[in-house]
Amino acid sequence: MKRTNMLLFTLTAWVCGFAQETHVIEPAILEVRYDSWQEEHDDSYILRIGKTANQFFSYYRYRTDSLMFTSEETSKIALQEFIDTNDRSEDRSKRLKVSTIGREWLYQDLTTDKLTLYSDYASAYNTYEEDIPRQEWEISTDSVMTILGMECHKATTMFRGRLWEVWFTEELPISLGPWKLGGLPGLILKATADKDFIKFTAISIKSEHLNPVTYYNWGNEKYYQMDRAKFLRYKNRPRTIPYADKVLPAKPYIELE
Amino acid sequence: MAVAQMRITGTVTDKNGDPLTGAIIQVRSNSTNKMIRFGKTDAKGVFSLEVAADSYLEVSMLGFKKQRINNLSENKPLRIVMQEEAVALKEVTVKASKVRERGDTITYNVSTFADQNDRSIGDVLARIPGFEVNKQNGQIKYEGKPISKFYIEGLDMLGGKYGVTTNSLPQVDVGSVQVMRNHQPIRVLEDFTYTDEAAVNIRMKEGAKSHWVTSFNGGAGISRHTGLWKFEGFGLRIKSNLQTMLTYKINNTGQDISKETTSLFSLDDLESSSDYIQLSPPTTPNLAESRTLFNRSHAATLNTLKRFNESSQMNVQMIYNNHRQTAEGERQTIYYLPDGNRIIDNRKDYLQKDNELYSLVKYEKNSASQYLKNSLSGDFSWSHQWLNEFGTNSHHQFVRKPEYDIKDNLYIIRKYGNRLISFYSNNCIVSRPQSLSIDSLYQHISQQQYSTNTYAMAGTKLGKFSLSLKAGVNAALHRLESDAIGLPDTIGQMADNSSFSFARIYVEPRLTYKGHSIHLELTPTTEYLYEKYSKDDGHHQMLFAPDLSIRWYTTPRLRLSLGGSSSVESLDASRFYQSLILQNFQYINRGYAGYLHNHTQAIRGGITYNDALKALHTILSVSRTFSTSPYTPTRQFVGDYIIRSAVEQKSKSRSWQANLITSKGLNLWNGVVNLRALYMNSDAMMMQNGVMTDYNSQIINARMGLDFSFWKDMHLRYGITFSHKSMDYSQAIDNWKQDLSIIIPINPFTIDLRGEYYRNEITSGNYKDFFLADIKASYKSKRLDLTLSLNNLLNRDTYSYVITSDLTSSTSTNRIRGRELLLTAYYML
């Protein structure tokens, strides 16, 4: 009997995947804000870095979710903002902020060397885990660009089907960057995939008054566990998403392989 | 020359000996100082690197002092202890006096950045580091991000429409441009939302604060009957603390510009009751307005903004609309009666002339602890409508429908510690002295209405439970004075002067529980209601309307929901009168006083299933509603007229409603197929000429869509819609619609082909087909956009359809806009 219960429990846990609640992981040391463009659409991201963990997520998604789930008054504000995105479409600053990875939350744990991705795109909640990817970079030390007052060097790599050109600074010795990019001897402040597929640029860096590195699950959603290969198969066919839920340009995903 | 290589291993720790993960180890050349290679420490703080003989290591990590390690040797692993150091971010250093920085605001001096070829402020902004300007629409980005607000002299008058200014404000008039970072437009929300928005403020030169800035666009074309035109003009004048904007629009191309002035949605609008007098002109609801509206519309707006101090400002808006509209059509209506059907067949000729004056005064106070917004608006409209009918019953109808509305919306958010309390008060006064003449009959009716809804909201959270509370007062007073002249007084009372009022005090707590996989929400609304009709003693009662909903997150792909509610509908204030009121030719309404309420119980359930991998998404919802009405609608045929009212007799109606939305991705041509279906079935009752009739009606609506994208931005969309309506006593009606659109982009041109094919059942088994096709070609260049459109290519100029409801069915054939050719240009100076 006990055994059956145990089995049942394991089975339920497996079927249900993760349903963790929002919780603090560790204090943050640095927070970088990146803006992204993809064709006409822009979005903005936060890379929050702690000692052994870091996270990367869309600022606008975070803002809307936090307003929606904080209290009824704040959710009313979020609702009105959403209505306004329809109302004044010519005002680009009020348009819906989207990108191909706008609905993804990335967490890296350096102690286990694992990266976990949570995707809540089109009311489908999926998650997968992989080893923190390592890109093989080609560094060219002769080109220099100043971003946010910091001297940056160029590096290029072919990563999962796209050619990435990034600018990193040794003035911030953290081998991280936007999205899954990293592994350079300094923080990546600018990154471009396939010339114009998507661009990220750091627009601010903060080291004070930081929120801790936090696992967010405002809506207490359950995530379906899968592997990256499966996830990719679905993401590379974005047009299969129902029209009503579609907020993305009908573009291939950031990872092609 | 081969350089000797060796492998260096080591551990990096902090001063307590704890390993440091992610420290960066660079191998640098002794001679050039350039990095040769680099690596990182793993979770145990260990690294291992190939090192050339003439090199050194540089170990760095955020929060620690950088270390250099010389004299490398392979013999023993290195132990590197890092010294902590505060993270010091380098400030963005700014050289030269072109730029001044103070706190979060940076000021750029325009004349030092400007080139002599620069004309507009947008041209100069494009040169300033950090700015990007979109020449097409005038959008500004700062540090890569669209600015959140565009202020001129600290005032935000244009809202999102600032693009016109970017492209037309002469740069010689601008003194400086300020960038405000971390800008939260509503300051009281600063602690609740996280913002990194930047806003731009344009400071004008002292001498240049009285220029007018202008822009224009327009188009012309022809149709078979007349010339077509549209035009838009814009002007802006800026003074410090006072700004003025003027716009003018005109068209006869089927766009109702008067609608642009009213915002589409607002969360705080009071509903006002509809007019008693209502003509029934030919309308074609199935088609887009641009196909059916025969218009000539003007709209002029004046907008000014005045600032008093840092945190408060006032906005005055005046809008004048002049709108003329015509419609033509034929309608055959069948009334299903127990003693034989009655048929009316009339040709209709309609003309409407509207004048509308709208004014708004908005005051905003935006401080760190409180946000206050009050808008007071007046909407005065005068509508004259003529409807001539010929056929079974020939009549000339003329309506004067003035309407005067005054509204005030007050919104306050206050911060108490880390809690927000918001307060809303919406008040409105409406007056409608209206009249209708039908040949020799005359109906005068004057309505006044005052209503208020004032409430406060706050909430608190305790673990998995949260409770929010909304409490307030909702009250209204309706006054009515009516007089009908020319009707035979044997059928009822002709004049009335009475009023109805109610006051509702309500508490709406909302209790939510969010567990691991179950979400629960309970809203037990409780209210005290007092209602009074001027000709009796009134009535008061306590009402309780609970609503419970449960959501079960069964698996990540499947979600089930279940809910139920019991509610009491509030009384319809507009039915409290005793006389007969003429609505139009055909209908006379008789009020009925009585305080019995409609009760409705509903059960609803839903299933959501998403399998992203199989690209399958499905939503199904079903609801069952039982309602009990103490009154049954009546219909009595007296001469050419129909008197509508209700009698006190309990009638029960029940209905089913089911809704399905599903979508599946296809591998073929990047395609997707959608399916939507709706089913409704309801039972109802009506008393006709004293005989009670039960009837059932059903609606089935289904749509399937296909969407393919063969290549890049080229799209093909196809949809097929089917609807079936049936009602007891009448024949069932089927309608089909197919639509196809193809978009072909050939830079810099875009070609857009559209076709709509309607197959409407007019009488049983007898269909009418309509094919409407459009072609649009557009060309885009830097300063000029041109669009050539050919609408309704096949020149189909009538459209027919059938509507059935409430034991009535009507067949309409209306005139629609025929073939039209239109060329529009948008030119940016």
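Going by the structure above, here's the rest.
Owing to the predicted nature of the structure, the values given are computational and were not obtained by experimental measurement.

Asks: What's the story with the overall build of chain B in this structure? I'm lost.
Replies: From N to C terminus, chain B includes 4 helices and 45 strands. At a minimum sequence separation of 6, the contacts of chain B that also span at least 24 residues come to 61%. As displayed, chain B has an accessible area near 40,300 Å², and 54% of this comes from carbon and sulfur atoms.

Asks: In this structure, what is going on with the packing of aromatic side chains? I would like to understand it.
Replies: We describe a pair of aromatic rings using the distance from one ring centre to the other and the angle between the two ring planes. All names here are of chain A. For the coordinates displayed, the defined rule picks out 39 aromatic pairs over all chains. Between the aromatic rings of Y128 and F231, the centroid separation amounts to 5.3 Å while the plane-to-plane angle is 55°, which identifies the pairing as tilted. Here Y128 is found in strand β7 (residues 126-131), whereas its partner F231 is found in helix α4 (residues 228-235), with 103 residues between them in sequence. One exposure class covers both Y128 and F231, and it is buried. Taken together, a centroid distance of 5.6 Å and an interplanar angle of 25° make the contact between W164 and W179 stacked. Of the two residues, W164 is situated in strand β10 (residues 162-169) and W179 in the loop between β10 and β11 (187-193); the sequence distance between them amounts to 15 residues. For the pair shown, W164 and W179 are each scored as buried.

Asks: For this particular structure, what's the right way to read empty space enclosed by the protein?
Replies: Rolled over the atoms, a probe sized like a water molecule indicates the empty space that remains. Within this structure, the stated rule accounts for 4 cavities of 30 Å³ or more. Its boundaries defined by the atoms lining it, the largest cavity holds a volume of some 70 Å³. Forming the boundary of the largest cavity are Y276(B), Q447(B), H478(B), R479(B), L480(B), S498(B), S499(B), F500(B), A573(B), S574(B) and F576(B). Taken together, the elements giving at least two residues each to the lining of the largest cavity come down to β26 (465-485) and β27 (495-514) of chain B. Approximately 50 Å³ is the volume found for the second largest cavity. Looking at the second largest cavity, the residues that line it are L47(A), N54(A), Q55(A), F56(A), L106(A), Q108(A), L176(A), G177(A), W179(A) and L181(A). By residue number, the principal contributor to the lining of the second largest cavity is strand β4 (residues 53-58) of chain A, which donates 3 residues. Looking at the lining of the second largest cavity residue by residue, the classes come out as 6 nonpolar, 4 polar and no charged.

Asks: Could you clarify how one ought to interpret the sheet that holds strand β6 (residues 67-69) of chain B in this entry?
Replies: Sheet strands pair by backbone hydrogen bonding; their relative direction is either parallel or antiparallel. Residue and element names in this part refer to chain B. Taken together, the 4 strands give an open sheet; going across it, the order is β3-β2-β5-β6, and neighbouring strands pair in antiparallel fashion. Each edge of the open sheet is held by one strand with a lone partner, namely β3 (35-40) and β6. Strand-to-strand, the axes of this sheet are offset by a mean angle of 20°, without reference to chain direction. Relative to β6, strand β5 (residues 55-60) runs antiparallel, the two sharing 3 bridges. In the sheet register, L57 faces β6, and the bridge partner there is I69.

Asks: Sorry if this is basic, but what is going on with the side chain of T808(B) here?
Replies: Assignment of secondary structure puts T808(B) in strand β44 (residues 808-815). Within polar-contact distance, the side chain of T808(B) engages the backbone oxygen of D806(B) at 3.1 Å.

Asks: Quick question: what am I supposed to make of the sheet that holds strand β4 (residues 46-52) of chain B here?
Replies: Residue and element names in this part refer to chain B. Read from one edge to the other, the open sheet built from 3 strands follows the order β4-β1-β7, with strand pairing classed as mixed. Every interior strand has two partners, whereas the edge strands, β4 and β7 (78-81), have only one. On average, each strand axis in the sheet is inclined to that of its neighbour by 35°, with strand direction left out of account. As paired elements, strand β1 (residues 5-13) and β7 share 4 bridges and run parallel to each other. Paired with V12 across the strands is I80, a residue of β7.

Definitions and limits used
- Residues numbered from 1 in each chain as written.
- Chains lettered and ligands numbered in written order.
- Predicted model: local features only at pLDDT ≥ 70, side-chain atom pairs only at ≥ 80, totals over all residues.
- Heavy atoms only, no water.
- Helix = DSSP H or I, 4+ residues; strand = E, 2+ residues; numbered from the N terminus.
- Contact = heavy atoms within 4.5 Å.
- Areas by Shrake-Rupley, 256 points an atom, 1.4 Å probe, with all protein chains shown as cover.
- Phe/Tyr/Trp six-rings, centres within 6.5 Å; stacked < 30°, edge-to-face > 60°.
- Buried < 20%, exposed > 50% of the residue type's maximum accessible area, 1.4 Å probe, protein only.
- 1 Å grid on protein atoms, 1.4 Å probe; cavity = no way out; pocket = protein on both sides within 12 Å on 5 of 7 lines; lining within 4 Å.
- Points joined across faces, edges and corners; volume = space filled by probe spheres on them.
- Nonpolar A, V, L, I, M, F, W, Y, C, P; charged D, E, K, R; others polar.
- Pairing = 2+ DSSP bridges.
- Axes fitted to C-alpha atoms, helices over the stretch in contact; angles between N-to-C directions.
- Polar contact = N/O pair within 3.5 Å; in protein donor to acceptor, adjacent residues only side chain to side chain.

It is worth stressing that arrangement in space is one thing and function is another; only the former is reported here.
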